[in-house]
Each structure stands twice: as structure tokens, then as C-alpha cells.
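Residue-level listing of the chains:
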Amino acid sequence: MGTATFEPTVHYTSSTVAQIHVSGEIDEVFASTEEGLRGRVVEAIRLLAASAGEPVTAMVVDGEVRWPLIVHPDGSFIEATALAETEDGEPASAPRPLRTGEVPVVTGGPAPEPAAEPEGDLTADVAGSDETRDEAAVVMDAPEAPEPEAVAAEAPAAQLAQVPAVPAPEAPAVEAPAAGTPGVETPAPEASTPAAPLRSTTPRTATARRDTVREGVRRDPVQRATPTVEDLLGSRADRVKPRATEGWQGAIRRATGGAVSPRPGKAEQSRLDRERLVQRRLDGPRTIVILNPKGGAHKTTSTLLLAATFGTQRGGATLAWDNNETRGTLGWRAQNAPHHRTAVDLLEHLDSFAEPSQASLAALDTYVRTQVDARFDVLASDEDAAASSTIDAAAFDRLHGVLSRYYRLLIVDTGNNMRASNWVAAVAAADQLVIVSTVREDTAASAAWLLDGLREKGFDQKIDEAVTILAAPSAKPDRKLAERLERHFAQVTADVVHVPFDAALVDGGPIDFDALSPETRDAWLTVAAAIAGRL
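Not measured: the values here are computed from a predicted model.

Draft legend 1. Local environment of the packing of helix α11 (residues 299-314) against helix α19 (residues 518-532). The interhelical angle for the contact between α11 and α19, taken along N-to-C directions, is 80°, at an axis separation of 10 Å. Here α19 runs roughly perpendicular to α11, going by the angle between their axes. In contact with S302, L305, L306, T309, F310 and Q313 of α11, α19 contributes W524, L525, V527, A528, I531 and A532. Taken together, the residues of the contact of α11 with α19 sort by class into nine nonpolar, three polar and no charged.

Draft legend 2. Main features of the pattern of salt bridges. If you walk through the whole model with that rule in mind, you get 17 salt bridges. Between D522 and R274 there is a salt bridge whose closest N-O contact spans 2.8 Å. Taken as a pair, D522 in helix α19 and R274 in helix α10 (residues 266-278) lie far apart in primary sequence, 248 residues in all. Given a relative accessible area of 33%, D522 falls into the partly exposed group. For R274, a relative accessible area of 13% corresponds to the buried category. Connected via shared salt-bridge partners are E246, E268, R271 and E275.

Draft legend 3. Just the packing of helix α14 (residues 393-403) against helix α15 (residues 421-429), in detail. Look at α14 against α15: their axes get within 7 Å of each other, and the N-to-C directions meet at 40°. By the angle between their directions, the pair α14 and α15 is classed as oblique. The chirality of how α14 crosses α15 is right-handed. Touching A393, F396, D397 and H400 of α14 are S421, N422, A425, A426 and A429, all from α15. Of the residues assigned to the contact of α14 with α15, the class counts are five nonpolar, three polar and one charged.

Draft legend 4. The arrangement of the packing of aromatic side chains in detail. Under the definition given, this model contains four aromatic pairs. Arranged with centres 5.9 Å apart and planes meeting at 85°, the rings of F353 and Y367 form a pair that is edge-to-face. Of this pair, F353 sits in the loop between α13 (343-348) and β10 (369-371) while Y367 sits in the loop between α13 and β10, and the two are 14 residues apart along the sequence. The interplanar angle of 80° and the centroid separation of 6.0 Å between the aromatic rings of F376 and F513 together place this pair among those described as edge-to-face. Of this pair, F376 sits in strand β11 (residues 376-379) while F513 sits in the loop between β15 (495-499) and α19, placing them 137 residues apart in sequence. By relative accessible area, F376 is classed as buried at 2%. Classification of F513 by relative accessible area gives buried; the value is 13%. An aromatic cluster of at least three residues, connected via ring pairs, comprises F353, Y367 and Y406.

Draft legend 5. A look at the sheet that holds strand β14 (residues 467-471). Strand order in the open sheet made by the eight strands is β10-β11-β9-β12-β8-β13-β14-β15, with mixed pairing throughout. Both edges of this open sheet fall to β10 and β15, since each of them pairs with a single strand only. Averaged over neighbouring strand pairs, the angle between their axes works out to 25° when direction is ignored. The strands that α15 touches are β8 (286-291), β9 (318-323), β12 (409-414) and β13 (432-438); relative to β8, the one it contacts most, it runs at about 130°.

Each value, and the rule that gives it
- Residues numbered from 1 in each chain as written.
- Predicted model: local features only at pLDDT ≥ 70, side-chain atom pairs only at ≥ 80, totals over all residues.
- Heavy atoms only, no water.
- Axes fitted to C-alpha atoms, helices over the stretch in contact; angles between N-to-C directions.
- Helix = DSSP H or I, 4+ residues; strand = E, 2+ residues; numbered from the N terminus.
- Parallel < 35°, antiparallel > 145°, perpendicular 65-115°, else oblique.
- Contact = heavy atoms within 4.5 Å.
- Nonpolar A, V, L, I, M, F, W, Y, C, P; charged D, E, K, R; others polar.
- Salt bridge = Lys/Arg side-chain N within 4 Å of Asp/Glu carboxyl O.
- Buried < 20%, exposed > 50% of the residue type's maximum accessible area, 1.4 Å probe, protein only.
- Left-handed = near helix turned anticlockwise from the far one by under 90°.
- Phe/Tyr/Trp six-rings, centres within 6.5 Å; stacked < 30°, edge-to-face > 60°.
- Pairing = 2+ DSSP bridges.

All quantities given are derived from atomic positions and should not be read as evidence of function.
Have a look at this one:
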């Protein structure tokens, strides 16, 4: 029986994730270890082979090198790395050791040593030792392979005749009777039998697995290569195929009640990918700092819209913080709150939040202004025109240290004074810088001057990883100017994103996030994804 007509393709995307492509469908396989991933890939191909009733040949792709993997319905396999080649069909050097396919065959357990077994017995050669099984796992890498006729000749007929008189141990694998055994019909070997066997080991049968369990033999953890509960829980979200909700794909799904469920269209899939990037898990708090030393450059608006995007997509734990040394307008443009306390008030009572066991996020509600619909909080700067207090670098560092314990994302709006100590402290604490400018000569020149100054201060690496936002100042911005500005900032920062003009932002009052146009929401999702990808 030949191999199956369809040919799956296995793409190793990392040491713990692989993608199996079959007939246009993509199935992701996860494991906690590289060895476990190999076992799960083989098992997935084995299921295809069992369904087809014949061996399946899969093409394994690891980087720019590919080679065949043949898996039989019984689970035996061979990973022919000796046939590795490039995408152009040119022979390739053998992959690195952990990618050559030298994977232990997952069996029911170590095979017991048979008693009084003849030296030339084929069964003992296959199942007698771990070393033999390891050599059999990758036949293509073996230096020499015995001829089937030579192996059969080593078992004399007189020895085979004595086998029934010897108590046979419980076999871990199905033993093929040798030629000449009375009462057993032996199939004739095919003329095209190659010199080396095509299977990596003897078949793993249900009887062998039950025998191993009954004997209480424990498998080596390295050989288990079986998924754990962590694999199960970590893969369940990725197992859910996205359902189309927009375009003709969504219309068909709704019309058929889900019986026909096409994949999302290109635009919807793009949105889902960006949302997934914004929602990615962070291993600690992150600080995003919004910069441009010129007033009216869209900094405060950008801070609020970024906080709203991250807050709605991540479910909260986001703070928009006005780090103006005196007075800023972030608090004015946020939704109304039942109090008017600011960063200065929080600084006066900061010691009560220094010990997490004696404070909580709920206690911060008396100092921050919760934006319920957008799921983020606002910490305003001082709004007392008669006050003389300011936030300096030491005060910023104290506030930042405490607030980082309660929020995953801190989005910091800055003032216009690059020489202010709290401004410099914010840049130093930033995990990600965001340069904001409207599509105007003056605000763009201010942003370019800012980048030059930051490089002189030693923040080269942060500038290289910064994201630039170019905001349209009107419904019909100057396209030539926008292209020129994009060319400049693309050379000095990591990414440039354009955001459209929105009439809902013109009046300068509290931002109504529900009134934003779909184009504005989508653009700010793109900005958030560009930032999240670098956090």
C-alpha cells in the first residue's frame, strides 16, 4: 500500500509551536518542550494516517530547510533528514541537532529482556535495548542497514522450531513470525524492498501498551512527549476559529444560523490581528510617554485616545497621567468625576499607598478620575491657578513607583518644557516613546527638534524604537506635506502612523468616545498595535 495522496506540511514556528497545513486548513500544535512538540506533531500525522488507512508523508519545514516525515497508522515513523533540501530543491546541510528528527519513539514502556533468545533473533534486535530503539528511530541517519535476507538467514530453522517450547515473556510489540514457522503464512517480500527498512521501529499495538501498564513500568519523562494541562489551557483560546461578523462573510454566517461560517474577510482579519496584539500579555507594568514640546500638537488628545483604546481592549488597568509640572488640560478633557483631586493631592498622601498590604486600587479612586465607558483612569495635574507647588523629578519618580504597582499601563502626557526635571524623568522611565505631531510645518519641526535634543541627552535607543503619530489637522490635509513628514520621521523612529481628522475632537471639551468615527477608532487601534508590539 502506498502513501496517502494528500501531503500535509509541518511548519515549526518556534521550539514549542508548530503549524500543520492540510487541505487548506491550518492546525496549531503546542507543547511545553521541544521534545514534546515533536511527539505531538507525529501523533497528529498518525491520526491522519489512521484515518486514511495508509502511511502519510508530511513535509517538515524548519526555516529554509525541508525534509519528509513518513508516519504509519500504527505510530511508527521515519524523519528523513538525510533528504533535507532548500526551497529551491537544492540539497541542504543537515539541520541543527535538535531539528534532525532524532526523536525517541514514544512506546508503551521499556521492553523486557526475553529469556534464552538466540543471538540472531530479529525480535531481540528490535526491542532488546534503548540504544537499539534510538538507532531505529532515524533509519536514514544509520551508517549501514542490514539486508532483510541477511537478517532472516541468521535465524536457523532448528532454533525457530524450539521457540514454542520456551515460555515467552509478554511482548511489548507485535513480533513478526520468521519464514518457515509451521502453520504461519509468511508474505513474500516485495521486489522493490530497499536495503534499509522504511519504519523506525516495530508497531505500537494496543496489546503492547496494555501489557506495559499491567507490568507497572513507568516511561522515561523524556520519552513521554505527551501534552500537559498547561498545554491544554494555553491552547484553548487559539483553538477557536474566528467567526466573521462583517462583510458578506458575516452576512452568510447570520443567514445560515452559523451552519456556514466563512473565515473573516481581509479587513476584519486585520482588525482581529491588531486587537490580539493590543491584548497580548505583559510580564510587568509598562510606561508610554507622549512627547512634543509645542502646545497644540495633539499630545493630550493622543493620550486620552490611546488610553481609551488600550482600556477597552485590555479590560482596564490603564492610567492616563498628566505629568505637567504645573497645569495641564488632561483632566479638563476627561469625563467628569465626583472630585477634583490631582497628582499633587496624591503626592501628599502617597505614603499611605507605599505598602500594598495597607492600600488598594479602590483607595486610588479618590485621586483618579474613572472613565467608566472607556475603562481607564485619569490622574490630572494641578488645576489650582493660585498654587505654587510643582512636580519635580523626585516627585515623579515617587508617583511612578507607586502607580506602577496598581496599573499595567501608564500613558503619560507631558508638558512643553524639555528642561523641566519631571519631563526628563518621564523620558528616562519610559518603556516606549510616542512622538506626536499634526501635519503642520511648525509642530513637525518642533518634533524633529525634540528628537535631536533627546539624542544629545543619550536617549538614542529609545528614539530608534519610538512610534510617530501624524494627525490630520483638517478633513483635507496637505498630502505632499504628510508624505514629506512621513519620509523624515520614518528614518529616525521605528514606525509612523497616520490618524484622520475627526470633527468630534474639534471643540476641545471632554471627549465623547462613542461619537468617534469608525475610521478614527480603527486608526487608533493601529497606533495601539504598533506600540504594543514593542512593549
